[in-house]
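One letter stands for each residue in the lines below.
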Amino acid sequence: MSQDVPLQRPAFVAPKSMAETFRKAIEAAEAAGTSREDMTLRLTLRDASNIRRDNRIAVSDLSFVGGEMRLLQVKVVTGGVDVSMLDLGA
């Protein structure tokens, strides 16, 4: 005997913000002793574009000064990588 099971749509879950992912990594690296000046965010072109358009990022967390993009006071380099990563420097 079969039972009918009502189909339920899963609740919508917003995708996690890339900035939030990098925030955690930056804070962990800083807690481990690496200064933000030594760090570089190396982003894919797509991730950099998504961060620029992400309305969940506070205006104070993203800056464009002197032709340089910074996220959470960490320099951002766009392109040249297959996967975005946080470079902790030397």
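Here the structure is shown first, and the text comes after it.
No experiment lies behind these values; they were computed from the predicted model shown. Numbers given for residues are sequential positions, taken from 1 along each chain in its written order. Reporting in this predicted model follows two pLDDT cut-offs: at least 70 for local features of residues, and 80 or more for side-chain atom pairs to be given and counted; totals over whole chains, interfaces and linings ignore these cut-offs and use all residues. Side-chain calculation: all heavy atoms of the structure are included, whereas hydrogens and water are not.

**Observations concerning the nonpolar core**
Ranked by size, the top nonpolar core spans 17 residues in total, and within it Ile26, Leu41, Leu43, Ile51, Leu71 and Leu86 carry the most contacts. Secondary structure is summarised from DSSP: a helix means a run of H or I of at least four residues, a strand means a run of E of at least two, and numbering begins at the N terminus for each. Those elements that provide at least two residues to this core are helix 1 (18–31), strand 1 (40–43), helix 2 (45–53), strand 3 (68–71) and strand 4 (74–78). Those residues within four positions of leucine 71 in sequence are excluded, and the remaining contacts are Ala19, Phe22, Ile26, Leu41, Ile51, Ile57, Asp61, Leu62 and Val76. Definition used in this section: a nonpolar core is a set of buried Ala, Val, Leu, Ile, Met, Phe, Trp, Tyr and Cys residues joined via side-chain atoms within 4.5 Å. Burial classes: relative accessible area under 20% of the type maximum marks a residue as buried, over 50% as exposed, and values in between as partly exposed (1.4 Å probe, protein chains only). Here, residues are in contact when the closest pair of their heavy atoms is within 4.5 Å.

**Examining the side chain of serine 84**
Locating serine 84 in the fold gives a position in the loop between strand 4 and strand 5 (85–87). Since its relative accessible area comes to 14%, serine 84 is described here as buried. Polar contact is the term for a pair of N or O atoms within 3.5 Å; when the atoms are in protein, one must be able to donate a hydrogen and the other to accept it, and sequence-neighboring residues count only if both atoms are side-chain atoms. Within polar-contact distance, the side chain of serine 84 engages the backbone nitrogen of threonine 44 at 3.0 Å. One polar contact links serine 84 to aspartate 47, side chain to side chain, over a distance of 2.5 Å. Other than its neighbours up to four places away in sequence, serine 84 contacts Met18, Phe22, Arg42, Leu43, Thr44 and Asp47.

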